[in-house]
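Single-letter residue listing:
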Amino acid sequence: MDQIDINVVKEPRGFLRVLQFVFAICAFATTTNFGSSFSFIVKCKNETMGTQKITQSIEYPFRFDHIIVEEKACGNNYVFSYFGDYSSDAEFFVAAGVLAMLYSLASLVFYCLCGSSYQNNKTIPLVDFLVTMVIAVFWLSGSAAWASGVSAVKYVSDPSSWIKNLKICMENAECSSLYVGNFAGLNISIIFGFLNFFLWTVNLWFLYKETSWFQQDNASTTGPGGQTPI
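Note that the structure is predicted; figures quoted are calculated from it, not measured. (Residues numbered from 1 in each chain as written. Predicted model: local features only at pLDDT ≥ 70, side-chain atom pairs only at ≥ 80, totals over all residues. Heavy atoms only, no water.)

K.L.:
What should I look at first to understand the UniProt feature "domain: MARVEL" (unreviewed entry) in the protein chain in this one?
P.N.:
Annotation from UniProt places "domain: MARVEL" (unreviewed entry) at residues 8-212. Note that residues 8-212 is 58% helix and 19% strand, and that its end C-alpha atoms are spaced 20 Å apart. (UniProt positions renumbered as here; feature names shortened; annotations may be inferred. Helix = DSSP H or I, 4+ residues; strand = E, 2+ residues; numbered from the N terminus.)

Structure below.
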């Protein structure tokens, strides 16, 4: 193990690893810590039975079809559930964020502790480049999938789009949407996702310059004495 060299943080590949670590945490934290709710009102046709407010929380991992609601309204007991399971999109996005966080931290520590091994071993830079490329693809696919998932979550969280199909609203009551959830946090998580994709893609160029591929290409374009052949 070499002496600790924190000067690598001043280099593009090291500095970008720091940014990747921070923004990966921001991406999955804004998703897993999200919380909101929506609600609607059930107004009985028989006014003597009053009006009832039904509120549903929205949180990770967004399995709406796993939620069973039991309500007593307008003199009857009703059991219903919502629709849609968007956990796969959310969990893939979070998994990409956790993987990116762990790898960016591990690689940064390796840069600082084993700098000479990184420079002298031709395999390590290649592995670093390839893993970074894979994680960049994960960020792109995960962010695109999660953007679609958030759009679907917004639809489910708007009672006016499906409330008329509830049995309770078709029989003895008139239902109306009262509150639609606030999705600023999820919108920000999508932005963080695509920002992470940008950071990991940009870093590919600086990592490529450390690989033997770049050194071979650079050597082939220069002649003896470092002159570029005509």
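K.L.:
Explain the UniProt feature "transmembrane region" (unreviewed entry) in the protein chain here, please?
P.N.:
Using the residue numbers shown here, the UniProt feature "transmembrane region" (unreviewed entry) corresponds to residues 21-42, 92-114, 126-147 and 186-208. The span residues 21-42 carries 55% helix and 36% strand; its end-to-end C-alpha distance comes to 47 Å. Segment residues 92-114 splits into 96% helix and 0% strand. End C-alpha atoms: 32 Å apart.

K.L.:
What is the right way to look at the packing of helix H2 (residues 87-113) against helix H6 (residues 184-208) in this model?
P.N.:
Packed helix pairs are characterised by how far apart their axes lie and by the angle those axes make with each other. In contact at an axis separation of 12 Å, H2 and H6 are set at 35° when each is read in the N-to-C sense. The two elements H2 and H6 meet at a crossing, and its hand is left-handed. In contact with Phe-93, Ala-100, Tyr-103, Ser-104 and Tyr-111 of H2, H6 contributes Ser-189, Gly-193, Trp-200 and Leu-207. Classifying every residue of the contact of H2 with H6 by side-chain character gives 6 nonpolar, 3 polar and no charged. (Axes fitted to C-alpha atoms, helices over the stretch in contact; angles between N-to-C directions. Left-handed = near helix turned anticlockwise from the far one by under 90°. Contact = heavy atoms within 4.5 Å. Nonpolar A, V, L, I, M, F, W, Y, C, P; charged D, E, K, R; others polar.)

K.L.:
What is the right way to read the environment of Asn-7 from this model?
P.N.:
Structurally, Asn-7 can be placed in the segment before helix H1 (12-32). Looking at Asn-7, the relative accessible area reads 43%, which means it is partly exposed. On a C-alpha basis, the gap between Asn-7 and Glu-91 in space is 36 Å, while along the polypeptide they are 84 residues apart. (Buried < 20%, exposed > 50% of the residue type's maximum accessible area, 1.4 Å probe, protein only.)

K.L.:
Just to check I follow, could you spell out the side chain of Ser-107 for this structure?
P.N.:
As for its placement among the helices and strands, Ser-107 is situated in helix H2. Each residue touching Ser-107, except ones within four places of it in the same chain, is listed here: Arg-17 and Asp-128.

K.L.:
Quick question: what am I supposed to make of the packing of H1 against H2 here?
P.N.:
One can describe the packing of H1 onto H2 by two numbers: an axis separation of 8 Å at closest approach and a directional angle of 155°. It follows from the interaxial angle that H1 and H2 lie roughly antiparallel. In the crossing of H1 with H2, the sense of the turn from one axis to the other is left-handed. Together, Arg-13, Gly-14, Arg-17, Val-18, Gln-20, Phe-21, Ala-24, Ile-25, Ala-27, Phe-28, Thr-31 and Thr-32 of H1 and Phe-93, Val-94, Gly-97, Val-98, Ala-100, Met-101, Tyr-103, Ser-104, Leu-105, Ser-107, Leu-108 and Tyr-111 of H2 make up the contact between the two elements. Here the contact of H1 with H2 is composed, by residue class, of 15 nonpolar, 7 polar and 2 charged. (Parallel < 35°, antiparallel > 145°, perpendicular 65-115°, else oblique.)

K.L.:
Explanation requested: the environment of Gly-193 in the structure shown.
P.N.:
Residue placement: Gly-193 occurs in helix H6. According to the relative accessible area criterion, Gly-193 is buried, its value standing at 0%. Put simply, Gly-193 and Glu-70 are 123 residues apart on the chain and 37 Å apart in space, counted from C-alpha to C-alpha. With near-sequence residues (within four places) excluded, Gly-193 lies in contact with Ala-27, Phe-93, Trp-139 and Ser-143.

K.L.:
Can you walk me through H1 in this structure?
P.N.:
Structurally, the α-helix is built with 3.6 residues per turn, so residues lying three or four positions apart point the same way. In this model H1 runs 30 Å from its N-terminal to its C-terminal C-alpha over 21 residues, within 8% of the 30 Å that 1.5 Å per residue would give. Listing the buried residues of H1 in full gives Arg-13, Gly-14, Leu-16, Arg-17, Gln-20, Ala-24, Ala-27, Phe-28 and Thr-31. The buried side chains of H1 occupy one side of the element, clustering within an arc of 150° when seen end-on. Where the residues of H1 are buried, they touch H2, helix H3 (115-120), helix H4 (123-156) and H6. (Expected span 1.5 Å × (residues − 1). Arc of directions from axis to C-beta.)

K.L.:
Where do I start with the nonpolar core in this structure?
P.N.:
Soluble globular proteins: nonpolar side chains tend toward being buried together. With 45 residues, the main nonpolar core has Phe-40, Val-42, Phe-62, Phe-64 and Tyr-82 as its most contacted residues. Not counting the four nearest positions on each side in its chain, Phe-62 is found in contact with Thr-31, Phe-34, Gly-84, Asp-85, Tyr-86, Ser-87, Ala-90, Trp-146, Val-153 and Leu-186. With 8 residues, the next largest nonpolar core counts Tyr-111, Cys-112, Tyr-118 and Phe-129 among its residues. (Core = buried A, V, L, I, M, F, W, Y, C linked by side-chain atoms within 4.5 Å.)

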